[in-house]
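Spelled out from the first residue to the last, the chains are:
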Amino acid sequence: MVAASGLKYLLTLGGWRRGRGVVPQSRALAILVPGMSQVDNKSDFLEKKPHRQHPGILQLPHVRLPQALANAAQLLLLESSVSNVEKQVQALTNYLWSRHLPVEPEELQRRAMHLEKKFLENPDRAQAEEKLHGAVLSALRRTTYHWQELRYNEKLSLVYMAARLDGGFAAVSRAFHEIRARIPEFQPQTLMDFGSGTGSVTWAAHNTWGQSLREYMCVDSSAAMLDLAERLLKGGSEFGEPYVPGVFFRQFLPVSPKVQFDVVVSAFSLSELPSKADCTEVVQTLWRKTSHFLILVENGTKAGHRLLMDARDLVLKGKEKSPLDPRPGFVFAPCPHELPCPQLTASKPLACSFSQAYHPIPFSWMNKKPKEEKFSLVILARGSPEEAHRWPRITQPVLKRPRHVHCHLCCPDGHMQHAVITARRHGRDLYRCARVSSWGDLLPVITPSDLPPSPAQNDPPEG
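Values in this document were obtained by computation on a predicted structure and should not be read as measured data.

Visitor: For unusual backbone geometry, give the residues involved together with the corresponding values.
Guide: The residue after alanine 333, namely proline 334, is reached through a cis peptide bond having omega -5 degrees. Examined against the element boundaries, proline 334 turns out to sit in the loop between strand 9 (329-333) and helix 11 (342-345). In the Ramachandran plot, asparagine 84 falls in the positive-phi region, its phi being about 50 degrees despite a non-glycine side chain. Mapped onto the fold, asparagine 84 is located in the loop between helix 2 (67-79) and helix 3 (85-98).

The following block contains the structure:
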């Protein structure tokens, strides 16, 4: 709830401005949290547009795969010899969503020492050293997550395509849309996709910047996945012209440090790496290859979110400066700051995730109703934070109630806030902007620092 003292301060502030003969701004002041904010109207951002088109709105309508891609996916599955596809798709989906991060050797050793100490402290379990080691190993196997690498052969690649092609396309489309909506003049020419899999990033990028992109570099360690992605581009056949021109496939990252790409993407691929050291090396390499934007996407789980925050911190700390591109990095989205993630530092850590609606590929067993893809992402950019919007991000579904709206916000000061917005307290413009906003949008408010404090006055309760 909004603090009463903050509301008193707001009302007093309005009186102070009128008393000094200052003309009130065209946008109402808005107290979201203890402190004071106002609608960001430095350039009359609405420009006579309706509130439902305010510039913080970034949610896409229901995403639909290009018809050529959907047709190719259905054709390849029909021609395949994969049996019980529906069951295999469900099993793989459940596995990917329940996946945890690999346990590091140091953590395993720490757990083993802790278990050994517990066994030794229990006089009833006094045993020989050989039996003690066996008991510790047995306990570790029961209590430790056993991470396994997925080896994508031809069969598993097809199952992955059926399970994740449409949802992955939706999540990446949402990330690309944020860049295009906020920086419409950005026209990338080159893109690299690490862990390209079925090629959904290439299709989404072509859908977003097809007129400017001339080179797509798809990197995946699985030859079967690369072959599948290429066939999808050719309508499901091995021959013919690809639907998207300028696509190149390779199994290893480009070696030359001089080669950079306007956009570098890793979608649902960091979670496929077997250790933190491997992840660190890959993220550093991807950042060196980035000329403008590095986009990282993972499942909207605690494990996926933590993985992305580790990658974010690695880039922001900037221990490894590229001599060829010394420009620092900043967070373009979703965080409106470079401070520690408040979702992770909370007493009960939560995953910072978002949702994108999409129409699934109409496979024979599939329910044709729209679905929701839940994902976590971070978009890192080269330059300085001043180049980006520093508006609060809406991190949960907006709750619309009679005459008030609940918004959970990640704010530029690095804190999470629960704002209850009303037209009476915050002004008609902010109230309407909040009411038409959705999970993942930006709320166009700023916190002025140049307004003087003022003594509080009594605030009548709102009926």
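So that's the structure; there's more coming.
Visitor: Describe in detail the packing of helix 3 against helix 6 (residues 154-182), supporting the description with residues and values.
Guide: Packing of helix 3 against helix 6 brings their axes to within 9 Å, and their N-to-C directions diverge by 75 degrees. In terms of axis orientation, helix 3 runs roughly perpendicular to helix 6. Contact residues: helix 3 offers Gln88, Val89, Leu92, Thr93 and Leu96, while helix 6 offers Lys155, Leu156, Val159, Tyr160, Ala162, Ala163 and Arg164.

Visitor: Run through the nonpolar core, naming residues and quoting values.
Guide: Residues Phe176, Leu191, Ile295, Phe332 and Ile379 are the most contacted members of the largest nonpolar core, which totals 67 residues. No other element matches the 15 residues that helix 6 contributes to this core. If sequence neighbours within four positions are ignored, isoleucine 379 has contacts with Ala175, Ile179, Phe293, Leu294, Ile295, Phe330, Val331, Phe332 and Ala333. Within the second largest apolar cluster, 25 residues are counted, among which are Met217, Cys279, Leu307 and Ala311.

Visitor: So what about the pairing of strand 5 (residues 215-219)? Which residues, and what values?
Guide: Counting buried positions along strand 5 gives four out of five residues, so the element sits mostly inside the fold. With respect to chirality, the unit in which strand 4 (residues 190-194) leads through helix 7 (residues 200-209) into the neighbouring parallel strand 5 is right-handed.

Criteria and cut-off values
- One numbering rule holds for all chains: residues counted from 1, following each sequence as written.
- The predicted nature of this model means local features are confined to residues of pLDDT at least 70 and side-chain atom pairs, given and counted, to a pLDDT of 80 or more, with totals for whole chains, interfaces and linings taken over all residues.
- Only heavy atoms go into the side-chain values, all of them from the structure, while hydrogens and water stay out.
- What counts as a helix is a DSSP run of H or I of at least four residues, what counts as a strand is a run of E of at least two, and both are numbered from the N terminus.
- Note on definitions: angles span 0 to 180 degrees between N-to-C directions of axes, and those axes are lines fitted to C-alpha atoms, for helices only across the stretch in contact.
- Note that the term roughly parallel is reserved for angles under 35 degrees, roughly antiparallel for angles over 145, roughly perpendicular for angles of 65 to 115, and oblique for everything else.
- We call two residues in contact when some of their heavy atoms are within 4.5 Å.
- We define a nonpolar core as any set of buried Ala, Val, Leu, Ile, Met, Phe, Trp, Tyr and Cys residues linked to one another through side-chain atoms lying within 4.5 Å.
- The buried label goes to any residue with under 20% of its type's maximum accessible area, the exposed label to any with over 50%, and the partly exposed label to all in between, with areas taken from a 1.4 Å probe on protein chains only.
- Here a crossover is taken to be right-handed if, once the strands point away from the viewer, the path from the first strand over the helix to the second is traced clockwise.

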